[in-house]
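So you can see what is in the structure, the chains are spelled out below.
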Amino acid sequence: MPTVQSDATNVRTIQKLLLHDTMDNVAKTCAQLEQSDARLTLLNLNCEFIGTTGVQKLARSCQKCEVTSREFPTPHSPLVGLWLEANDVYPRGAEAISQIVQRSPELKYLYVSNNNFGNSGVAHLAQAASRQLDVCHIGDNKIDHVGAQVVADVLLGEESVLGTLVLDGNNLGDAGATIIAEGLKRNKNLTKLDLRNNRIGKAGMLALLEVLKNDNMTIQYLMLQESDENCSRQVQSPLDKSPRPRIKSNHRCACERCQIQFQLDYFLAMNRAGRHSLADTMVPANLWPRILANVSESDPSLIHTMLSFYKPEIVPGHQ
């Protein structure tokens, strides 16, 4: 009779096969890069568990790639989008990802959530990411208020070109949210910021609200959902499988968190409508009568509200 293997032996065998397939995929990708295959613009290695070693191999292959283009005549990697989520690359792997970004000047979309970067990992990645990426996902990477300082100083710095930054599922807390709020005062390019499930409470939300009121007029979407038993807007996902509850967008709630969120939503809506242009003091004075001709105090439109806030002296009947 054939010998029956134990469950543990079966698991180890499957793990070895999966690891072999994973490293085989990495080897094939590295070969494509080293052969300067210009077709390799999108690379998806999500959940392959390639680890630090696999990412370092990719980084070395990018160094050998000799692709050129009209916009970038210097030899470089052809990557435009890179997905490396859930690969356990840790801080040293984050440093290798930074090297990939630097060697890939056309890379605009980077998804590296759930990789145990920690604060040191985001520090490795920040400089390269802020200079060229349009979208950067670094959620679920054990980043706290210390890493938030790097985010505020670099990823949200004045020279950053980032348009979308996803930091959900980290551990920023109120301290981290307040630091990021300070960074948003200077930032003029970011339009989408995801801070869900970061244990951000009232203090952090108020810091962000203050920045939206007085400083930042470009961010259009700010996500701050947290699990809260006192919130009646939350709807548990089917079968209770998701730790991130859905939100009833049109359901009013009297909880403190929702009251702040309603104010945040108001200023975000004004930003989406172009608040920065209405607040521009360089708009010629002769244009204001034309704008006012289309609004009235009895019809509190966005434009009337904005003029009342920024140009009260020219709004008829405004106290």
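Just so it is clear, the structure is predicted and the values come from calculations on it, not from any experiment.

Cut-off values and rules
- Per-chain numbering applies: the sequence of each chain, read as written, is numbered from 1 onward.
- Selection of residues for local features in this predicted model requires a pLDDT of at least 70, selection of side-chain atom pairs for listing and counting requires 80 or more, and totals for whole chains, interfaces and linings are taken over all residues.
- No hydrogens and no water enter the side-chain calculation; it runs on all heavy atoms of the structure.
- In this description, a nonpolar core means a group of buried Ala, Val, Leu, Ile, Met, Phe, Trp, Tyr and Cys residues linked to one another through side-chain atoms lying within 4.5 Å.
- Residue burial is assigned from relative accessible area. The probe radius is 1.4 Å, only protein chains are included, and a residue is buried under 20% of its type maximum, exposed over 50%, and partly exposed in between.
- Here a strand is any run of E in DSSP of at least two residues, a helix any run of H or I of at least four, and the numbering for each starts at the N terminus.
- In this description, contact between two residues means that some pair of their heavy atoms is separated by no more than 4.5 Å.
- How far a helix is expected to stretch is found by multiplying one less than its residue total by 1.5 Å.
- Note on bend: the value at a residue is the angle between axes fitted to the seven residues ending there and to the seven starting there.
- In summary, the pairing rule links any two rings of Phe, Tyr or Trp, Trp by its six-membered ring, whose centres are within 6.5 Å, and it sorts them by plane angle into stacked for under 30 degrees, edge-to-face for over 60 and tilted for everything else.
- A side-chain nitrogen of Lys or Arg and a carboxyl oxygen of Asp or Glu constitute a salt bridge if their distance falls within 4 Å.
- The axes used here are C-alpha line fits, helices contributing only the stretch in contact, and every angle between their N-to-C directions lies in the interval 0 to 180 degrees.
- Angle categories: roughly parallel below 35 degrees, roughly antiparallel above 145, roughly perpendicular from 65 to 115, and oblique for all the rest.
- Should the near helix be turned anticlockwise from the far one by less than a right angle, the crossing is termed left-handed; should it be turned clockwise, right-handed.

## Remarks on the nonpolar core
- Formed by 66 residues in total, the largest nonpolar core has its most connected members in Ile97, Ile138, Leu165, Ile180, Leu193 and Leu195.
- Looking at this core, the element that brings in the most residues is helix α7 (residues 202–214), giving six residues.
- When residues no more than four places from it in sequence are discounted, the contact partners of Leu193 are Leu165, Leu167, Ile180, Leu184, Ile219, Tyr221, Leu222 and Met223.

## Here's the deal with helix α4 (residues 118–132)
- Taking 1.5 Å per residue, 15 residues should reach 21 Å; α4 reaches 22 Å between its end C-alpha atoms and fits that length.
- Along its length, α4 reaches its greatest deviation from straightness, about 45 degrees, at Ala126.
- Along α4, the residues classified as buried are Gly118, Gly121, Val122, Leu125, Ala126, Ala128, Ala129, Ser130 and Gln132.

## Quick notes on α7
- Between the first and last C-alpha of α7 there are 18 Å, a value that for 13 residues agrees with the 18 Å anticipated at 1.5 Å per step.
- For α7, the set of buried residues is Gly204, Met205, Ala207, Leu208, Leu209, Val211 and Leu212.

## Describing the packing of aromatic side chains
- Scanning all chains against the criterion turns up two aromatic pairs.
- Centroid distance Trp83 to Tyr111: 5.1 Å. Interplanar angle 5 degrees. Geometry classified as stacked. Here Trp83 is found in strand β2 (residues 81–83), whereas its partner Tyr111 is found in strand β3 (residues 109–111), with 28 residues between them in sequence.
- You can call Trp83 partly exposed: its relative accessible area is 23%.
- Taking relative accessible area as the criterion, Tyr111 reaches 17% and is therefore assigned buried.

## A look at the pattern of salt bridges
- Going through the model one piece at a time under the given rule, you end up with five salt bridges.
- Across the pair Glu182 and Lys185 runs a salt bridge whose closest N-O atoms are separated by 3.0 Å. Of this pair, Glu182 and Lys185 both sit in helix α6 (residues 173–186), three residues apart, which is roughly one turn of that helix.
- Classification of Glu182 by relative accessible area gives partly exposed; the value is 41%.
- The partner of Arg196 in a salt bridge is Asp194, and the shortest N-O contact between them spans 2.7 Å.
- Classification of Arg196 by relative accessible area gives partly exposed; the value is 25%.

## Let's talk about the packing of helix α2 (residues 51–64) against helix α3 (residues 90–103)
- As a packed pair, α2 and α3 sit with axes 9 Å apart at the nearest point and diverge in direction by 20 degrees. Regarding the angle of α2 to α3, the classification is roughly parallel. With respect to the hand of their crossing, α2 and α3 are arranged in left-handed fashion. Residues Thr52, Val55, Gln56, Leu58, Ala59, Cys62 and Gln63 of α2 form the contact with α3, whose own contacting residues are Tyr90, Arg92, Gly93, Ala96, Ile97, Gln99, Ile100 and Arg103.

## A closer look at unusual backbone geometry
- The phi dihedral of Lys142 is positive, around 60 degrees, even though this residue is not glycine.
- By the element assignment, Lys142 lies in the loop between β4 (135–137) and α5 (145–155).
- Despite not being glycine, Arg199 has its phi angle at roughly 60 degrees, a positive value.
- Assignment of secondary structure puts Arg199 in the loop between β6 (192–194) and α7.
- A relative accessible area of 64% means that Arg199 is categorised as exposed.

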